Amino acid sequence: RARTRARRRRCARASSATRRRGTAARRAPKRRNHRRRCVGRTVGDGATARRRGARTMRVGDVVLIEINEGERATFATLKEGKSVDVGKRQKVPVEALLGAPFGSRYEIVHNTGACVRLGAEGVDDDVAHGSAPVEDERSNKHVSNKHEGAQRLTDADIAALRREFTGEEMVEIIAANSKTFDEKTAFAQEKYRARKMKKHMTRILVRFPSPRQVCEQYFYSNPYKTSHMRFDALSMLLNAGNVGAHAQTLVLDTCGGIVLGAVTHRMGGMGRICNGFIGQNPTAMDVLLQMNLEDAHFDCMRHAALSKLIERREGRMDEDSKMDEANGSKDGEKLSTTEKQERKHMKVKYAAEDDFADFARQGFSSLIVSSLSIEPKSTLEQLLPLCASSASFAIWFNAAQPLAEALHHLRNTNTAINLSLVEPFMRAQQVLPGRTHPVMTTDAGSGGWILSGTYVGVGNSVHENSKPEAEMAETAKTAETATPKDESNKKAKLEDE
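These figures come from a predicted structure and were not determined experimentally. (Residues numbered from 1 in each chain as written. Predicted model: local features only at pLDDT ≥ 70, side-chain atom pairs only at ≥ 80, totals over all residues. Heavy atoms only, no water.)

Chemist: Explain the nonpolar core here, please?
Modeler: The nonpolar side chains of a soluble globular protein tend to be buried, and buried together. Of all hydrophobic cores here, the largest spans 33 residues; its most connected members are Met-229, Leu-237, Ile-258, Val-259, Val-263 and Ile-273. For this core, the elements supplying multiple residues, two or more each, are helix 7 (211–221), helix 8 (231–240), strand 8 (247–253), helix 9 (258–267) and strand 13 (387–397). With six residues, helix 9 is the single largest residue contributor to this core. Each residue touching Val-259, except ones within four places of it in the same chain, is listed here: Met-229, Leu-234, Leu-237, Val-251, Asp-253, Ile-368 and Ser-370. Counting residues in each nonpolar core, the second largest holds 32 residues, with Ala-304, Leu-367, Ile-374 and Leu-451 among its members. (Core = buried A, V, L, I, M, F, W, Y, C linked by side-chain atoms within 4.5 Å. Buried < 20%, exposed > 50% of the residue type's maximum accessible area, 1.4 Å probe, protein only. Helix = DSSP H or I, 4+ residues; strand = E, 2+ residues; numbered from the N terminus. Contact = heavy atoms within 4.5 Å.)

Here is the structure:
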């Protein structure tokens with residue numbers, strides 16, 4: 001019996017293996033055909049090929065030029081026949097940049113003034129930052145800190161060298177004529193060469209103005225323009241707000257348009273974006289125009305007054321709005337000829353009546369708020385009803401107390417779930433061969449606070465209606481039955497007295 005059972009098990013295993021091999025053989029052609037179809041669609045899709053390939057610089061593009069590895073940076077618009085100022089009385093012709101991919105590195109030759117392309121970003125990192133420092137038993141304590149008399153060359157000699165030699169050759173000549181260069185350690189010599197490279201050479205890196213690069217540049221150069229919005233807080237704001245393609249997002253941005261541009265860039269022209277504003281006109285969007293957004297990105301954006309959105313959502317309209325619709329020329333009479341031309345040629349259009357109807361009927365799937373001129377609690381009370389159920393929202397503010405009050409209000413009214421109040425933390429790190437460590441001069445300033453959650457609708461307050469109806473009814477009956485008894489007890493006490 002044992003041998004019979006073992007024989008049966010072996011037969012069963014053999015038959016199951018045969019079935020598996022047959023199934024795999026039948027599925028293999030299908031997999032190969034499916035793979036061919038996928039590859040064919042990927043190669044045949046021109047848009048996909050363009051997205052995967054490096055984008056080249058064209059006329060009219062805005063570029064971010066970093067000079068000498070971030071020592072200075074500037075935005076520039078590429079125009080035919082023009083030149084870009086890179087400092088030190090040097091200019092780069094636009095023709096030298098056109099056709100090259102973003103991320104290209106260039107060097108300006110001092111003796112000829114030519115702009116030579118070095119390659120892509122990250123190719124010569126070892127040359128730029130130096131190799132790992134060699135162990136050296138020498139010390140710099142005997143090297144004099146006084147720079148006077150340490151260099152044998154005069155200013156006139158160095159000026160003559162600039163006309164005859166390149167930047168690297170000049171650095172080697174200056175180092176050879178230094179009296180204290182040989183006495184320094186290997187690490188100090190690398191720092192000396194790097195300092196002279198920045199002084200006597202001009203290398204530029206042409207970057208694509210992505211939202212991260214634009215936000216970082218404004219944060220370090222002009223933070224008042226973007227209300228001190230930090231780039232790590234911007235990325236956390238977009239993630240908390242669940243911003244993505246095919247979404248319908250409501251944005252309230254008074255940070256120069258950096259948040260609106262980041263939302264538009266992430267959605268990729270797929271979906272709808274409503275730029276809500278307070279008052280009669282939207283705020284300035286200068287930062288938005290620095291991101292090289294295409295026409296498809298601007299087509300999905302619309303300006304809309306928040307007051308009108310709230311009215312349409314509640315199903316009511318003011319008398320002034322009704323009169324404006326009845327008399328279509330009334331709004332045209334208020335606008336001057338210049339304003340009409342500006343509205344006609346502006347990239348972001350104002351929302352039409354059909355757009356307001358769609359926003360009120362469907363609701364928004366995401367809400368992003370970044371403004372220092374609003375009160376978070378009252379703003380969320382008015383804007384959250386504009387969102388659809390289970391919509392994600394995120395609000396950025398530079399102080400924690402107003403957001404804490406808003407969180408307490410949302411939690412007590414059962415309006416939202418998954419509430420969180422976080423503060424992003426960032427610290428710069430120096431990453432170099434053999435000397436990686438945190439930067440010691442990190443700013444102690446805060447990147448603001450972010451309140452996020454999921455909207456579930458308007459609920460009842462916990463403190464107002466905390467007891468169920470059955471318990472409240474039972475309490476009322478007990479009070480009614482206890483009332484005559486209490487009166488009889490009072491009468492008995494009076495008789496006894």
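Chemist: When you look at the packing of aromatic side chains in this model, what are you seeing that I'm missing?
Modeler: Within a pair of aromatic rings, the relevant descriptors are the distance that separates the centres and the angle that separates the planes. Using the criterion set out here, one finds six aromatic pairs in the structure. Taking the centre distance of 6.4 Å and the plane angle of 85° together, the rings of Phe-277 and Tyr-350 count as edge-to-face. On the criterion of sequence distance, the pair formed by Phe-277 in strand 9 (residues 271–277) and Tyr-350 in strand 11 (residues 349–350) is long-range, its members being 73 residues apart. Overall, the relative accessible area of 6% leaves Phe-277 in the buried class. Owing to a relative accessible area of 25%, Tyr-350 belongs among the partly exposed residues under this scheme. When the ring centre of Phe-231 is taken as origin, the NZ or CZ atom of Arg-212, which lies over that ring, is 4.7 Å away. (Phe/Tyr/Trp six-rings, centres within 6.5 Å; stacked < 30°, edge-to-face > 60°. Lys NZ or Arg CZ within 6 Å of the ring centre and 35° of its normal.)

Chemist: Explain the pairing of strand 2 (residues 72–77) to me, please; I cannot follow it from the model alone.
Modeler: Pairing geometry for strand 1 (residues 62–67) and strand 2, over six bridges, is antiparallel. Bridge assignment links Glu-66 to a residue of strand 2, and that residue is Ala-73. Adjacent in sequence and paired antiparallel, strand 1 and strand 2 are bridged by four residues, among which Asn-68 carries a positive phi angle near 55°. (Pairing = 2+ DSSP bridges.)

Chemist: What's the story with a positive patch on the surface in this structure? I'm lost.
Modeler: A surface patch of positive charge is lined by Arg-1, Arg-3, Arg-5, Arg-7, Arg-8, Arg-9 and Arg-10. Turning to its location among the elements, Arg-9 is positioned in helix 1 (residues 2–44). A relative accessible area of 48% means that Arg-9 is categorised as partly exposed. (Patch = residues over 30% accessible without salt bridge, like charges linked within 9 Å, V, L, I, M, F, W, Y side chains within 5 Å. Areas by Shrake-Rupley, 256 points an atom, 1.4 Å probe, with all protein chains shown as cover. Salt bridge = Lys/Arg side-chain N within 4 Å of Asp/Glu carboxyl O. Lys, Arg positive; Asp, Glu negative; His and termini not counted. Charge placed at Lys NZ, Arg CZ, Asp CG, Glu CD.)

Chemist: What is the right way to read the packing of helix 8 against helix 9 from this model?
Modeler: When two helices pack together, you describe them by how their axes are tilted relative to each other and by the distance separating the axes. Taken N-terminus to C-terminus, the directions of helix 8 and helix 9 make an angle of 55°; their axes are 11 Å apart at the nearest point. With respect to helix 9, the axis of helix 8 lies oblique. By crossing handedness, the relation of helix 8 to helix 9 is classed as right-handed. On helix 9, the residues that touch Leu-234, Leu-237, Leu-238 and Asn-239 of helix 8 are Ile-258, Val-259, Ala-262, Val-263 and Arg-266. Considering only residue class, the contact of helix 8 with helix 9 consists of seven nonpolar, one polar and one charged. (Axes fitted to C-alpha atoms, helices over the stretch in contact; angles between N-to-C directions. Parallel < 35°, antiparallel > 145°, perpendicular 65-115°, else oblique. Left-handed = near helix turned anticlockwise from the far one by under 90°. Nonpolar A, V, L, I, M, F, W, Y, C, P; charged D, E, K, R; others polar.)

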